[in-house]
Amino acid sequence: MQLGLDFTLVEELVAGVDEVGRGPLCGAVVTAAVILDPARPILGLNDSKKLSEARREVLFDEIREKALAWCIARAEVEEIDQLNILHATMLAMQRAVEGLSVTPKLALIDGNRCPKLAVPSAPVIKGDSRVPAIAAASILAKVSRDREMVEMDQLYPGYGIAGHKGYPTPVHLEALKRLGPTPIHRRSFAPVRALLEGV
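Residues numbered from 1 in each chain as written. Predicted model: local features only at pLDDT ≥ 70, side-chain atom pairs only at ≥ 80, totals over all residues. Heavy atoms only, no water.

The name that an unreviewed UniProt entry assigns to the chain is Ribonuclease HII, with the source organism given as Ectopseudomonas composti. On record in UniProt, under Catalytic activity (unreviewed entry), the comment for the chain is "Endonucleolytic cleavage to 5'-phosphomonoester." Under the Function (unreviewed entry) heading, UniProt states for the chain: "Endonuclease that specifically degrades the RNA of RNA-DNA hybrids." (UniProt positions renumbered as here; feature names shortened; annotations may be inferred.)

Listed below in structure tokens is the structure:
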């Protein structure tokens, strides 16, 4: 018996939308929109946080191969600082849905609010563990952002970015105090702002 994800929700032309990276102190917020193909089921889909990194990597390729349409989008650090993280996330979600090669009949958004879209939309609390298309979107967004953070670790060594992916861990906060913010740190986030203001 399959618990959790309800595969009857793989309806025709329903896009699932999710984001990764609202909480980190650095890097873009990354979103994805996915329209699954009811004729090509993907086994093992789940909320990206509940899957191992190796499993996410395998599913990342399978989703992109089997989905009817998918798009990975983002809002940059400058946009996060300018708009605030919530509005930047909504903008990135909007970009993901608009970037789909197929227009969905409905967009299901993980969380409790929806961005302004040209198609009907509905929020789904804990959608990444309930709606397969949202689970798929969460995997695309997470793998994309994690890969980017590994690259950023090469560019900005000493912060441990590959390990914590930009989240405010003790290691990250200590490195931030010792080395100061990089160009990819979000100026509007309290720990970074406090350092820049010398508080």
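A. Up close: the packing of helix α1 (residues 53-66) against helix α4 (residues 132-155). α4 packs onto α1 with a crossing angle of 120° between their chain directions and a minimal axis gap of 9 Å. Taken together, the axis directions place α1 and α4 in an arrangement best described as oblique. Here α1 and α4 pass one another in a crossing that is left-handed. Note on element contacts: α4 touches α1 through A136, I139, L140, K142, V143, S144, D146 and R147, opposite R56, E57, L59, F60, I63 and R64. Counted by class, the contact of α1 with α4 contains seven nonpolar, one polar and six charged residues. (Axes fitted to C-alpha atoms, helices over the stretch in contact; angles between N-to-C directions. Helix = DSSP H or I, 4+ residues; strand = E, 2+ residues; numbered from the N terminus. Parallel < 35°, antiparallel > 145°, perpendicular 65-115°, else oblique. Left-handed = near helix turned anticlockwise from the far one by under 90°. Contact = heavy atoms within 4.5 Å. Nonpolar A, V, L, I, M, F, W, Y, C, P; charged D, E, K, R; others polar.)

B. Spatial organisation of the side chain of D37. For D37, the position within the fold is in the loop between β2 (29-35) and α1. Put simply, D37 is tucked away with no salt bridge, and the nearest opposite charge, on R40, sits 5.0 Å away. In this structure the side chain of D37 is engaged in a polar contact, spanning 2.9 Å, whose partner is the backbone nitrogen of A39. (Buried < 20%, exposed > 50% of the residue type's maximum accessible area, 1.4 Å probe, protein only. Lys, Arg positive; Asp, Glu negative; His and termini not counted. Salt bridge = Lys/Arg side-chain N within 4 Å of Asp/Glu carboxyl O. Polar contact = N/O pair within 3.5 Å; in protein donor to acceptor, adjacent residues only side chain to side chain.)

C. Structural context of the pairing of strand β3 (residues 69-75). Here β3 shows a buried face lined by A69, C71, A73 and A75 and an unburied face lined by W70, I72 and R74. In terms of strand pairing, β2 meets β3 through seven bridges, oriented antiparallel. Counterpart to A32 in the pairing with β3 is I72. (Pairing = 2+ DSSP bridges.)

D. Focus on the pattern of salt bridges. Within this structure, the stated rule accounts for twelve salt bridges. Two residues, K49 and D47, come together in a salt bridge whose shortest N-O distance is 3.5 Å. Looking at D47, the relative accessible area reads 5%, which means it is buried. As a salt-bridge pair, R56 and D146 come within 3.8 Å of each other at their nearest N and O atoms. With R56 in helix α1 and D146 in helix α4, this residue pair connects regions lying 90 residues apart in the sequence. Taking the relative accessible area as the measure of exposure, R56 reaches 9% and is therefore buried. One network of salt bridges, in which partners are shared, links D47, K49 and D128.

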